[in-house]
Amino acid sequence: MKLTRHWALLALAPVALVETRVVAKDYLTVEAAQKLLFAGADRFTPMPVKLDDAQIARIKALSGKVQRNRTPAIWRAQAGGKTLGLVIVDEVLGKHENITYAVGVSPDGKVVGVEILSYREAYGGEVRLPAWRAQFDGKTLASPFKLDGDIANISGATLSCRSLTDGVRRLLALAAVVPA
Amino acid sequence: MITRAQPWLGTLVEISADSDAAIDAGFAAIARVHRALNAHDPESELSCANRVALHQPVRLSRMAAAVIGRAQFWAARSDGAFDASAGHWRAVKLTGRTLRFAAPLALDLSGIAKGFAVDRAVAALRGAHARRGLVNAGGDMRGFGAAWPVALVRPDRAPVAQIALRDAALATSALRPDGSGDHLRGLARNVVSASVECRRAIDADALAKIVAGGGPRVAACLDAVGAVALVIGAGGELTQIGNPGRLAA
(Lines give C-alpha, C1' and ligand atoms only; values in the text may rest on other atoms or scores of the structure.)
Protein backbone atom coordinates (compact mmCIF):
# COMPACT_ATOMS: atom_id res chain seq x y z
CA MET A 1 0.00 0.00 0.00
CA LYS A 2 1.44 3.26 -1.09
CA LEU A 3 0.40 5.32 1.91
CA THR A 4 2.46 3.46 4.51
CA ARG A 5 5.62 3.91 2.50
CA HIS A 6 5.26 7.65 2.78
CA TRP A 7 4.48 7.85 6.45
CA ALA A 8 7.98 8.72 7.59
CA LEU A 9 7.07 8.65 11.23
CA LEU A 10 8.60 10.83 13.83
CA ALA A 11 7.52 9.56 17.21
CA LEU A 12 7.65 12.40 19.67
CA ALA A 13 6.78 13.15 23.24
CA PRO A 14 3.83 15.50 23.65
CA VAL A 15 4.76 19.13 23.89
CA ALA A 16 4.29 20.92 27.18
CA LEU A 17 2.68 24.31 27.47
CA VAL A 18 4.60 26.55 29.81
CA GLU A 19 3.06 29.97 29.74
CA THR A 20 0.97 32.32 27.67
CA ARG A 21 2.74 34.87 25.58
CA VAL A 22 1.37 37.77 23.63
CA VAL A 23 2.44 38.25 20.05
CA ALA A 24 2.47 41.97 19.49
CA LYS A 25 2.81 43.61 16.13
CA ASP A 26 2.89 47.29 15.35
CA TYR A 27 2.34 47.88 11.65
CA LEU A 28 1.72 51.58 11.23
CA THR A 29 1.63 54.86 13.14
CA VAL A 30 -1.59 56.86 12.97
CA GLU A 31 0.19 59.38 10.71
CA ALA A 32 1.39 56.67 8.30
CA ALA A 33 -2.08 55.14 8.12
CA GLN A 34 -3.65 58.55 7.42
CA LYS A 35 -1.32 59.07 4.45
CA LEU A 36 -1.99 55.58 3.08
CA LEU A 37 -5.76 56.04 3.32
CA PHE A 38 -5.81 59.53 1.79
CA ALA A 39 -2.64 59.89 -0.26
CA GLY A 40 -3.87 63.15 -1.77
CA ALA A 41 -4.46 64.94 1.55
CA ASP A 42 -2.14 67.75 2.64
CA ARG A 43 -3.42 67.92 6.20
CA PHE A 44 -5.31 65.87 8.75
CA THR A 45 -7.30 68.02 11.16
CA PRO A 46 -8.38 66.47 14.46
CA MET A 47 -12.15 66.56 14.87
CA PRO A 48 -13.06 66.67 18.56
CA VAL A 49 -16.31 64.77 19.02
CA LYS A 50 -18.28 64.08 22.20
CA LEU A 51 -21.05 61.63 21.34
CA ASP A 52 -24.37 62.13 23.16
CA ASP A 53 -26.93 59.45 23.99
CA ALA A 54 -28.94 60.15 20.84
CA GLN A 55 -25.88 59.68 18.63
CA ILE A 56 -24.92 56.43 20.40
CA ALA A 57 -28.48 55.18 19.86
CA ARG A 58 -28.36 56.20 16.20
CA ILE A 59 -25.08 54.29 15.68
CA LYS A 60 -26.69 51.23 17.28
CA ALA A 61 -29.72 51.55 15.01
CA LEU A 62 -27.57 51.93 11.88
CA SER A 63 -24.96 49.25 12.58
CA GLY A 64 -26.40 47.00 15.26
CA LYS A 65 -23.24 47.64 17.27
CA VAL A 66 -22.63 49.59 20.46
CA GLN A 67 -20.17 52.49 20.19
CA ARG A 68 -18.58 52.49 23.66
CA ASN A 69 -16.00 55.21 23.18
CA ARG A 70 -17.81 58.56 23.41
CA THR A 71 -14.76 60.52 22.32
CA PRO A 72 -13.64 58.65 19.17
CA ALA A 73 -10.39 59.62 17.41
CA ILE A 74 -11.43 61.26 14.14
CA TRP A 75 -9.47 63.35 11.65
CA ARG A 76 -10.69 65.26 8.64
CA ALA A 77 -8.47 64.55 5.61
CA GLN A 78 -8.13 67.77 3.64
CA ALA A 79 -6.51 68.96 0.42
CA GLY A 80 -6.44 72.70 -0.20
CA GLY A 81 -9.28 73.23 2.27
CA LYS A 82 -11.45 70.61 0.59
CA THR A 83 -12.48 67.61 2.71
CA LEU A 84 -11.55 64.27 1.12
CA GLY A 85 -13.03 62.18 3.93
CA LEU A 86 -12.57 61.07 7.51
CA VAL A 87 -9.96 58.89 9.19
CA ILE A 88 -11.23 57.12 12.31
CA VAL A 89 -8.93 55.17 14.63
CA ASP A 90 -10.58 52.54 16.79
CA GLU A 91 -9.86 49.41 18.79
CA VAL A 92 -11.68 46.07 18.91
CA LEU A 93 -11.29 43.29 21.45
CA GLY A 94 -11.84 39.72 20.31
CA LYS A 95 -11.61 36.49 22.27
CA HIS A 96 -7.88 36.17 21.72
CA GLU A 97 -6.98 39.27 19.81
CA ASN A 98 -6.85 43.00 20.33
CA ILE A 99 -6.72 45.10 17.17
CA THR A 100 -6.14 48.82 16.68
CA TYR A 101 -7.12 49.93 13.20
CA ALA A 102 -7.83 52.94 11.03
CA VAL A 103 -10.72 53.31 8.60
CA GLY A 104 -10.90 55.89 5.83
CA VAL A 105 -14.47 56.99 5.04
CA SER A 106 -15.38 58.98 1.94
CA PRO A 107 -17.81 61.96 2.15
CA ASP A 108 -20.55 59.73 0.69
CA GLY A 109 -20.08 57.20 3.49
CA LYS A 110 -18.04 54.50 1.75
CA VAL A 111 -15.00 52.66 3.09
CA VAL A 112 -11.90 54.01 1.34
CA GLY A 113 -9.63 51.53 3.10
CA VAL A 114 -8.83 49.74 6.33
CA GLU A 115 -5.31 49.55 7.73
CA ILE A 116 -4.31 47.67 10.86
CA LEU A 117 -2.15 49.78 13.18
CA SER A 118 -1.38 47.14 15.77
CA TYR A 119 -2.34 43.61 16.65
CA ARG A 120 -1.98 41.69 19.91
CA GLU A 121 -2.73 38.00 20.14
CA ALA A 122 -2.28 35.59 23.04
CA TYR A 123 -0.50 32.34 22.28
CA GLY A 124 0.66 29.44 24.36
CA GLY A 125 4.17 30.58 25.09
CA GLU A 126 7.50 28.90 25.40
CA VAL A 127 7.38 25.25 24.56
CA ARG A 128 10.12 22.72 25.13
CA LEU A 129 10.36 20.99 21.82
CA PRO A 130 11.87 17.55 21.72
CA ALA A 131 15.13 17.23 19.84
CA TRP A 132 13.42 16.72 16.54
CA ARG A 133 15.51 16.16 13.47
CA ALA A 134 13.42 18.29 11.25
CA GLN A 135 12.81 16.79 7.88
CA PHE A 136 10.08 19.24 7.11
CA ASP A 137 11.61 20.51 3.91
CA GLY A 138 15.00 19.96 5.49
CA LYS A 139 14.51 22.88 7.83
CA THR A 140 15.82 22.92 11.35
CA LEU A 141 13.84 23.59 14.48
CA ALA A 142 15.10 25.78 17.23
CA SER A 143 14.55 24.05 20.54
CA PRO A 144 13.21 25.47 22.68
CA PHE A 145 11.74 28.36 20.78
CA LYS A 146 9.33 31.00 21.84
CA LEU A 147 6.85 33.12 20.02
CA ASP A 148 7.91 36.71 20.08
CA GLY A 149 8.71 39.51 17.71
CA ASP A 150 11.25 37.33 15.93
CA ILE A 151 8.65 34.87 14.75
CA ALA A 152 6.17 37.10 13.07
CA ASN A 153 4.32 34.49 11.03
CA ILE A 154 2.02 31.92 12.53
CA SER A 155 0.05 29.12 10.92
CA GLY A 156 -2.39 26.79 12.61
CA ALA A 157 -4.74 28.69 14.88
CA THR A 158 -8.05 30.04 13.66
CA LEU A 159 -7.67 33.75 13.20
CA SER A 160 -10.90 35.64 13.17
CA CYS A 161 -11.47 39.17 12.05
CA ARG A 162 -15.17 39.11 12.86
CA SER A 163 -14.73 41.73 15.57
CA LEU A 164 -12.92 43.90 13.04
CA THR A 165 -15.64 43.53 10.40
CA ASP A 166 -18.21 44.55 13.02
CA GLY A 167 -15.99 47.46 14.03
CA VAL A 168 -15.77 48.81 10.48
CA ARG A 169 -19.57 48.68 10.19
CA ARG A 170 -19.88 50.59 13.47
CA LEU A 171 -17.41 53.26 12.32
CA LEU A 172 -19.36 53.79 9.09
CA ALA A 173 -22.40 54.50 11.27
CA LEU A 174 -20.28 56.77 13.45
CA ALA A 175 -19.13 58.72 10.38
CA ALA A 176 -22.78 59.14 9.39
CA VAL A 177 -23.85 60.67 12.72
CA VAL A 178 -21.02 63.13 13.35
CA PRO A 179 -21.37 66.57 11.76
CA ALA A 180 -19.57 66.74 8.39
CA MET B 1 11.03 45.62 4.90
CA ILE B 2 7.50 46.95 5.41
CA THR B 3 4.64 44.88 6.82
CA ARG B 4 1.01 45.91 6.65
CA ALA B 5 -2.27 44.15 7.43
CA GLN B 6 -5.84 44.53 6.20
CA PRO B 7 -9.01 42.51 6.74
CA TRP B 8 -9.95 40.44 3.65
CA LEU B 9 -11.38 36.99 2.95
CA GLY B 10 -12.80 36.75 6.46
CA THR B 11 -9.39 36.96 8.06
CA LEU B 12 -6.45 39.27 8.60
CA VAL B 13 -4.18 39.40 5.55
CA GLU B 14 -0.61 40.46 6.19
CA ILE B 15 1.82 41.47 3.44
CA SER B 16 5.55 42.09 3.86
CA ALA B 17 7.60 43.54 1.00
CA ASP B 18 10.18 46.17 0.06
CA SER B 19 7.81 49.03 -0.73
CA ASP B 20 4.36 50.41 0.01
CA ALA B 21 3.66 50.44 -3.74
CA ALA B 22 4.26 46.68 -3.96
CA ILE B 23 2.13 46.07 -0.86
CA ASP B 24 -0.67 48.20 -2.35
CA ALA B 25 -0.54 46.04 -5.49
CA GLY B 26 -0.67 42.89 -3.35
CA PHE B 27 -3.73 44.05 -1.40
CA ALA B 28 -5.43 45.14 -4.63
CA ALA B 29 -4.98 41.59 -5.97
CA ILE B 30 -6.43 40.14 -2.74
CA ALA B 31 -9.38 42.54 -2.95
CA ARG B 32 -10.18 41.43 -6.54
CA VAL B 33 -10.30 37.78 -5.45
CA HIS B 34 -12.38 38.67 -2.39
CA ARG B 35 -14.96 40.56 -4.47
CA ALA B 36 -15.24 37.91 -7.19
CA LEU B 37 -15.34 34.76 -5.09
CA ASN B 38 -17.05 35.76 -1.84
CA ALA B 39 -19.99 33.36 -1.44
CA HIS B 40 -21.48 35.59 1.27
CA ASP B 41 -21.86 38.51 -1.14
CA PRO B 42 -24.96 37.99 -3.34
CA GLU B 43 -23.45 40.34 -5.95
CA SER B 44 -20.17 38.42 -6.36
CA GLU B 45 -19.40 36.57 -9.57
CA LEU B 46 -19.49 33.28 -7.65
CA SER B 47 -22.95 33.97 -6.21
CA CYS B 48 -24.28 34.94 -9.64
CA ALA B 49 -22.85 31.75 -11.17
CA ASN B 50 -24.34 29.67 -8.33
CA ARG B 51 -27.80 31.07 -9.08
CA VAL B 52 -27.66 30.46 -12.82
CA ALA B 53 -25.39 27.49 -13.67
CA LEU B 54 -28.07 24.84 -13.12
CA HIS B 55 -30.33 26.49 -15.70
CA GLN B 56 -27.88 27.71 -18.32
CA PRO B 57 -24.14 27.73 -19.09
CA VAL B 58 -22.24 30.57 -17.39
CA ARG B 59 -19.21 32.28 -18.95
CA LEU B 60 -16.70 32.77 -16.11
CA SER B 61 -13.88 35.26 -15.65
CA ARG B 62 -10.39 33.83 -16.01
CA MET B 63 -10.00 34.13 -12.24
CA ALA B 64 -13.15 32.20 -11.35
CA ALA B 65 -12.44 29.56 -13.99
CA ALA B 66 -8.90 29.06 -12.67
CA VAL B 67 -10.06 28.56 -9.07
CA ILE B 68 -13.02 26.31 -9.89
CA GLY B 69 -10.80 24.32 -12.26
CA ARG B 70 -8.25 23.75 -9.51
CA ALA B 71 -10.98 22.85 -7.00
CA GLN B 72 -12.25 20.24 -9.48
CA PHE B 73 -8.71 18.94 -10.01
CA TRP B 74 -8.32 18.30 -6.28
CA ALA B 75 -11.83 16.86 -5.95
CA ALA B 76 -11.00 14.30 -8.64
CA ARG B 77 -7.54 13.54 -7.26
CA SER B 78 -8.83 13.09 -3.71
CA ASP B 79 -11.99 11.28 -4.82
CA GLY B 80 -14.12 13.98 -3.22
CA ALA B 81 -12.17 14.37 0.04
CA PHE B 82 -11.76 17.97 -1.10
CA ASP B 83 -15.02 19.22 -2.56
CA ALA B 84 -16.12 22.82 -3.03
CA SER B 85 -19.67 21.67 -3.76
CA ALA B 86 -20.35 19.66 -0.58
CA GLY B 87 -20.65 16.27 -2.22
CA HIS B 88 -21.64 17.14 -5.79
CA TRP B 89 -18.29 17.72 -7.50
CA ARG B 90 -19.11 15.26 -10.27
CA ALA B 91 -22.07 17.46 -11.21
CA VAL B 92 -19.83 20.52 -11.66
CA LYS B 93 -19.10 20.73 -15.39
CA LEU B 94 -16.36 23.17 -16.32
CA THR B 95 -15.37 23.32 -20.00
CA GLY B 96 -12.82 26.02 -20.65
CA ARG B 97 -14.41 29.02 -18.96
CA THR B 98 -17.97 27.73 -19.27
CA LEU B 99 -19.63 26.43 -16.10
CA ARG B 100 -22.71 24.23 -15.82
CA PHE B 101 -24.25 22.36 -12.92
CA ALA B 102 -25.78 18.96 -13.70
CA ALA B 103 -27.53 18.93 -10.31
CA PRO B 104 -28.72 21.55 -7.82
CA LEU B 105 -25.64 22.69 -5.89
CA ALA B 106 -23.75 25.75 -4.72
CA LEU B 107 -20.01 26.17 -4.97
CA ASP B 108 -18.25 27.47 -1.87
CA LEU B 109 -14.64 28.26 -2.69
CA SER B 110 -13.66 29.33 0.83
CA GLY B 111 -11.51 26.20 1.15
CA ILE B 112 -9.25 27.25 -1.71
CA ALA B 113 -9.81 30.95 -2.47
CA LYS B 114 -7.52 32.16 0.31
CA GLY B 115 -4.64 30.18 -1.13
CA PHE B 116 -5.45 31.46 -4.62
CA ALA B 117 -5.56 35.05 -3.34
CA VAL B 118 -2.15 34.56 -1.72
CA ASP B 119 -0.75 33.34 -5.06
CA ARG B 120 -2.23 36.32 -6.89
CA ALA B 121 -0.84 38.73 -4.30
CA VAL B 122 2.63 37.20 -4.64
CA ALA B 123 2.41 37.63 -8.43
CA ALA B 124 1.36 41.26 -7.89
CA LEU B 125 4.29 41.87 -5.52
CA ARG B 126 6.69 40.48 -8.12
CA GLY B 127 5.00 42.53 -10.83
CA ALA B 128 5.65 45.61 -8.69
CA HIS B 129 9.35 44.66 -8.56
CA ALA B 130 9.45 43.47 -4.96
CA ARG B 131 12.63 41.43 -4.48
CA ARG B 132 11.24 39.61 -1.47
CA GLY B 133 7.84 39.26 0.07
CA LEU B 134 5.49 37.27 2.24
CA VAL B 135 1.71 37.13 2.02
CA ASN B 136 -0.11 35.57 4.98
CA ALA B 137 -3.89 35.19 4.82
CA GLY B 138 -4.75 33.96 8.31
CA GLY B 139 -2.15 31.19 8.24
CA ASP B 140 -2.28 30.39 4.51
CA MET B 141 0.91 31.96 3.25
CA ARG B 142 3.56 32.14 0.57
CA GLY B 143 6.99 33.75 0.62
CA PHE B 144 9.72 34.48 -1.88
CA GLY B 145 13.17 36.02 -1.99
CA ALA B 146 14.10 35.24 1.63
CA ALA B 147 13.83 32.54 4.29
CA TRP B 148 10.70 33.55 6.19
CA PRO B 149 10.42 32.12 9.71
CA VAL B 150 7.03 30.57 10.41
CA ALA B 151 5.73 29.06 13.64
CA LEU B 152 3.26 26.19 13.44
CA VAL B 153 0.86 26.26 16.35
CA ARG B 154 -1.75 23.86 17.63
CA PRO B 155 -5.40 24.93 17.51
CA ASP B 156 -5.04 25.85 21.21
CA ARG B 157 -2.25 28.19 20.12
CA ALA B 158 0.66 26.30 21.60
CA PRO B 159 3.62 26.42 19.19
CA VAL B 160 4.94 23.04 18.09
CA ALA B 161 7.40 23.72 15.30
CA GLN B 162 9.21 26.42 13.46
CA ILE B 163 10.08 26.29 9.79
CA ALA B 164 11.65 28.61 7.28
CA LEU B 165 9.54 29.29 4.21
CA ARG B 166 11.62 29.98 1.12
CA ASP B 167 9.97 30.35 -2.30
CA ALA B 168 7.15 28.13 -1.10
CA ALA B 169 3.63 28.16 0.28
CA LEU B 170 2.24 26.81 3.53
CA ALA B 171 -1.35 26.23 4.63
CA THR B 172 -2.87 24.69 7.73
CA SER B 173 -6.24 23.07 8.42
CA ALA B 174 -7.06 22.59 12.06
CA LEU B 175 -9.75 21.77 14.52
CA ARG B 176 -11.31 24.79 16.09
CA PRO B 177 -10.09 25.45 19.65
CA ASP B 178 -13.40 24.18 21.03
CA GLY B 179 -12.73 20.84 19.33
CA SER B 180 -15.28 21.20 16.55
CA GLY B 181 -14.17 20.38 13.06
CA ASP B 182 -17.33 20.97 11.11
CA HIS B 183 -15.48 23.10 8.58
CA LEU B 184 -13.45 20.02 7.69
CA ARG B 185 -15.19 17.18 5.99
CA GLY B 186 -14.31 13.88 7.60
CA LEU B 187 -11.43 14.92 9.82
CA ALA B 188 -9.24 11.91 10.49
CA ARG B 189 -9.34 10.60 14.04
CA ASN B 190 -6.67 11.91 16.38
CA VAL B 191 -5.63 14.66 13.98
CA VAL B 192 -5.90 18.19 15.35
CA SER B 193 -3.98 20.01 12.64
CA ALA B 194 -2.45 19.41 9.21
CA SER B 195 0.02 21.76 7.53
CA VAL B 196 1.14 21.41 3.93
CA GLU B 197 4.08 23.01 2.20
CA CYS B 198 4.35 23.16 -1.58
CA ARG B 199 5.02 25.64 -4.34
CA ARG B 200 1.58 27.24 -4.76
CA ALA B 201 -0.69 28.39 -1.96
CA ILE B 202 -3.86 27.31 -3.80
CA ASP B 203 -2.58 23.72 -3.72
CA ALA B 204 -1.35 23.94 -0.11
CA ASP B 205 -4.81 25.21 0.90
CA ALA B 206 -6.66 22.31 -0.74
CA LEU B 207 -4.08 19.72 0.33
CA ALA B 208 -4.25 20.77 3.99
CA LYS B 209 -7.93 19.79 3.98
CA ILE B 210 -7.21 16.52 2.17
CA VAL B 211 -4.44 15.59 4.61
CA ALA B 212 -6.54 16.55 7.64
CA GLY B 213 -9.26 14.25 6.34
CA GLY B 214 -6.91 11.31 6.00
CA GLY B 215 -7.77 8.46 3.68
CA PRO B 216 -6.03 6.41 1.00
CA ARG B 217 -5.47 9.25 -1.49
CA VAL B 218 -3.40 11.50 0.80
CA ALA B 219 0.07 10.39 -0.29
CA ALA B 220 -0.80 10.40 -3.99
CA CYS B 221 -2.29 13.89 -3.71
CA LEU B 222 0.84 15.22 -1.98
CA ASP B 223 3.03 13.55 -4.61
CA ALA B 224 1.06 15.19 -7.41
CA VAL B 225 2.65 18.57 -6.61
CA GLY B 226 5.72 17.47 -4.63
CA ALA B 227 4.16 18.58 -1.35
CA VAL B 228 5.14 17.68 2.18
CA ALA B 229 2.75 17.60 5.15
CA LEU B 230 3.18 17.88 8.90
CA VAL B 231 0.34 16.46 10.97
CA ILE B 232 -0.20 17.25 14.64
CA GLY B 233 -1.98 14.50 16.55
CA ALA B 234 -4.26 14.81 19.55
CA GLY B 235 -1.42 13.84 21.87
CA GLY B 236 0.85 16.51 20.41
CA GLU B 237 2.83 14.06 18.27
CA LEU B 238 4.11 15.21 14.89
CA THR B 239 3.98 13.09 11.77
CA GLN B 240 5.52 13.98 8.45
CA ILE B 241 4.05 12.77 5.18
CA GLY B 242 5.53 13.19 1.75
CA ASN B 243 9.01 13.45 0.36
CA PRO B 244 10.73 16.74 1.18
CA GLY B 245 13.48 16.08 -1.32
CA ARG B 246 11.04 16.69 -4.16
CA LEU B 247 10.49 20.28 -3.11
CA ALA B 248 13.94 21.26 -4.24
CA ALA B 249 13.14 20.22 -7.81
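Residue indices begin from 1 for each chain and proceed along its sequence in written order. All chains are assigned letters beginning with A, and all ligands numbers beginning with 1, in the order in which they are written. Residues qualify for local features only when their pLDDT is at least 70, as the model is predicted, and side-chain atom pairs are given and counted only at 80 or more; totals for whole chains, interfaces and linings, by contrast, use all residues.

The helix and strand tally for chain A stands at four helices and eight strands. Here, residues touch in the contact sense if the C-beta positions derived from the backbone fall within 7 Å of one another. Excluding contacts between residues fewer than 6 apart, the proportion of contacts in chain A whose partners are at least 24 apart in sequence is 64%. Counting from the N terminus, the helices are DSSP H or I runs at least four residues long and the strands are E runs at least two residues long.

Moving on, we get to the pairing of strand 6 (residues 97-105) of chain A. With eight bridges joining them, strand 5 (residues 82-93) of chain A and strand 6 of chain A adopt antiparallel strand pairing. Bridging from a neighbouring strand, Ile88 of chain A pairs with Val103 of chain A of strand 6 of chain A. When DSSP finds two or more bridges between two strands, those strands count as paired.

The three strands lie next to each other as 8(A)-8(B)-9(B), forming an open sheet whose pairing is mixed. Of all strands in the sheet, those bounded by a partner on one side alone are strand 8 (153-155) of chain A together with strand 9 (159-165) of chain B. When the angles between neighbouring strand axes are averaged without regard to direction, this sheet yields 30 degrees. To get an axis, a line is fitted to the C-alpha atoms, and for a helix only the part in contact is used. The angle between two axes follows their N-to-C directions and goes from 0 to 180 degrees.

Moving on, we come to the environment of Phe144 of chain B. Residues and elements named next belong to chain B. With respect to the element layout, Phe144 can be found in strand 7 (residues 140-144). Since 20 C-beta atoms lie within 10 Å of it, Phe144 is described here as buried. A sequence separation of 44 residues divides Phe144 from Arg100, and the C-alpha atoms of the two residues are 37 Å apart. Exposed residues have 12 or fewer other C-beta atoms within 10 Å of their own C-beta, buried residues have 20 or more, and partly exposed residues fall in between, where C-beta atoms are placed from the backbone.

Moving on, we come to the domain arrangement of chain B. The assigned domain composition of chain B is domain 1 (45-107) and domain 2 (147-248). Facing eight residues of domain 1 of chain B, the contacting portion of domain 2 of chain B comprises eleven residues. Source of the domain bounds: an automatic or database domain assignment.

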